[in-house]
Amino acid sequence: MSDLAYSIVTRDLSLWYGEFQALRSVSFKARNGLITALIGPSGCGKTTLLRCFNRVNERYGNVTTTGEIRLLGKNIYDEDVSLIELRKSVGMVFQRPNPLPLTVYENIVFGLHIHSPARLNASALDEAVEQALTDVGLWMDLKDKQKSKATSLSLDQQQKLCIARLLPLKPEIILMDEPCSALDVEATRQVEELMLELAGRYTIIIVTHNMAQAKRVSHECAFMLMGELIEHSRTEDLFIRPLDKRTAEYIEGRFG
Ligand SMILES: Nc1ncnc2c1ncn2[C@@H]1O[C@H](COP(=O)(O)OP(=O)(O)OP(=O)(O)O)[C@@H](O)[C@H]1O
Ligand SMILES: [Mg+2]
């Protein structure tokens, strides 16, 4: 299959924090429109790999990267790549919901204000807000609360809002680093349901410690250990017929 079937392709990607090697020759591919879960014990490099895809690791001064990362067919280290455009097409959601200390409405239009060269008129902004809230299933609940502080919402609403605010920028890829770890069971279920609804339109990469979550929500699953990508396959194959002994031991809960 051509690389166009994949939104993200890395080849021999290695990364060092100073002297410490956190990624070891990782060759990873994420299929367009699917949810791919990154699993593995704490410290194996899941977050580091995720942060390579929007070049956030560069913020840490002592990071060295070798190898190749292609997103949507384009090498993200090419000189003509704009970081602003890259971060627009690759949205990120974090462990703890982190809405801006602004209203619901302002949270959603914030990215548009930053990224749109032409100023959008009020009705275009209203429409964008309605669409984004509708897409994450919050419109009915929040249409009369658009002027409320985002930080006053329930945690699951905040996390959905953090997803909603990415959507007006029309991202191709959404990265989620343990997006449910601050949520209770019901809120987790809701966010998982939302992810499944968004799949297809977006390529989603989710880092999770929770293997039950990886099983429920991902189409493909990649198991990492000590900076290496050990195994990557369809989720049901990985959990039912792992090829590598280390994968089998991890999913049986023998370590990590
Ligand atoms: N900014 C940093 N500077 C130095 N070392 C780092 C930095 N960030 C991560 N590391 C180290 O790199 C390794 C991989 O960390 P990473 O956060 O990617 O793991 P993880 O799989 O996401 O772990 P967890 O499941 O605990 O979130 C760890 O040994 C970690 O201590
Ligand atoms: Mg992590």
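The structure we're discussing is the one just above.
**With respect to the nonpolar core**
Here is step 1: Counting residues in hydrophobic clusters, the biggest one holds 50 residues, and the most contacted among them are Ile39 and Leu133.
Here is step 2: In contact with Ile39, not counting residues within four places along its chain, are Cys44, Lys46, Thr208, Ala214, Cys221, Ala222, Phe223, Met224, Leu238, Phe239, Tyr250 and Ile251.
Here is step 3: Grouped together as the second largest cluster of nonpolar side chains are 29 residues, Ile8, Phe53, Val81 and Met224 included.

**Comments concerning the pairing of strand E4 (residues 35-39)**
Here is step 1: Across the five residues of E4, five count as buried, placing the element largely inside the fold.
Here is step 2: Pairing of E4 with strand E9 (residues 203-207), which is carried by four bridges, proceeds in the parallel orientation. Bridge pairing in E9 places Ala37 opposite Ile206.
Here is step 3: As defined by bridge partners, E4 adjoins strand E10 (residues 220-225) across four bridges and the pair is classed as parallel. Bridging from a neighbouring strand, Ala37 pairs with Cys221 of E10.

**Digging into the sheet that holds strand E7 (residues 90-93)**
Paired through their backbone hydrogen bonds, the strands of a sheet run either parallel or antiparallel.
Here is step 1: Pairing is mixed in the open sheet, where six strands are placed in the order E7-E8-E9-E4-E10-E11. Both edges of this open sheet fall to E7 and strand E11 (228-234), since each of them pairs with a single strand only. The sheet shows a mean angle of 20 degrees between the axes of neighbouring strands, direction not considered.
Here is step 2: As paired strands, strand E8 (residues 173-177) and E9 are joined by five bridges and run parallel to one another. Within E9, the position partnered with Ile173 by the bridge is Thr203.
Here is step 3: Lying over the sheet, helix H7 (residues 185-198) contacts E4, E8 and E9, oriented at roughly 150 degrees with respect to E9.

**Side note on the packing of aromatic side chains**
The geometry of an aromatic ring pair is captured by two quantities: the separation of the ring centres and the angle between the planes.
Here is step 1: Within the structure shown, the criterion is met by two aromatic pairs.
Here is step 2: Plain terms: the ring middles of Phe28 and Phe53 are 5.8 Å apart, the flat faces sit at 15 degrees to each other, and that makes the pair stacked. You can see Phe28 sitting in the loop between strand E2 (20-26) and strand E3 (29-31) and its partner Phe53 sitting in the loop between helix H1 (46-52) and strand E5 (63-71), a full 25 residues away along the chain. Assigned by exposure class, Phe28 and Phe53 land together as buried.
Here is step 3: Measuring from ring centre to ring centre gives 5.0 Å for Phe223 and Tyr250, while their planes differ by 25 degrees; the resulting arrangement is stacked. Of this pair, Phe223 sits in strand E10 while Tyr250 sits in helix H10 (residues 245-251), placing them 27 residues apart in sequence.

**Focus: the site of ligand 1**
Here is step 1: Close contacts around ligand 1 come from 14 residues, with Ser42, Gly43, Lys46, Thr47 and Thr48 the closest.
Here is step 2: In this structure, Thr48 approaches ligand 1 through a side-chain N or O atom, which is 2.5 Å from an oxygen atom.
Here is step 3: Contact with the protein chains hides 66% of the accessible area of ligand 1, taken as 630 Å² for the molecule alone.
Here is step 4: When residues of the shell around ligand 1 are traced back to their parent elements, those giving at least two are E2 and H1.
Here is step 5: With four residues, H1 is the largest single contributor of residues to the shell around ligand 1.
Here is step 6: Within the shell around ligand 1, the residues separate by chemical class into six nonpolar, six polar and two charged.

**Some thoughts on the state of the cysteines**
Here is step 1: Evaluation of the coordinates by the stated rule reveals zero disulfides.
Here is step 2: Note on Cys180: no disulfide assigned, nearest cysteine sulfur contributed by Cys162 at a separation of 12 Å.
Here is step 3: Take Cys180: its relative accessible area is 7%, and that puts it in the buried class.
Here is step 4: Looking at Cys221, it has no disulfide partner, and the nearest cysteine sulfur is the one in Cys44, 11 Å off.
Here is step 5: Accessibility expressed as a relative area gives 0% for Cys221, which makes it buried.

Basis of the calculations
Residues numbered from 1 in each chain as written. Chains lettered and ligands numbered in written order. Predicted model: local features only at pLDDT ≥ 70, side-chain atom pairs only at ≥ 80, totals over all residues. Heavy atoms only, no water. Core = buried A, V, L, I, M, F, W, Y, C linked by side-chain atoms within 4.5 Å. Buried < 20%, exposed > 50% of the residue type's maximum accessible area, 1.4 Å probe, protein only. Contact = heavy atoms within 4.5 Å. Helix = DSSP H or I, 4+ residues; strand = E, 2+ residues; numbered from the N terminus. Pairing = 2+ DSSP bridges. Axes fitted to C-alpha atoms, helices over the stretch in contact; angles between N-to-C directions. Phe/Tyr/Trp six-rings, centres within 6.5 Å; stacked < 30°, edge-to-face > 60°. Near = heavy atom within 4 Å. Polar contact = N/O pair within 3.5 Å; in protein donor to acceptor, adjacent residues only side chain to side chain. Areas by Shrake-Rupley, 256 points an atom, 1.4 Å probe, with all protein chains shown as cover. Nonpolar A, V, L, I, M, F, W, Y, C, P; charged D, E, K, R; others polar. Disulfide = S-S within 2.5 Å.

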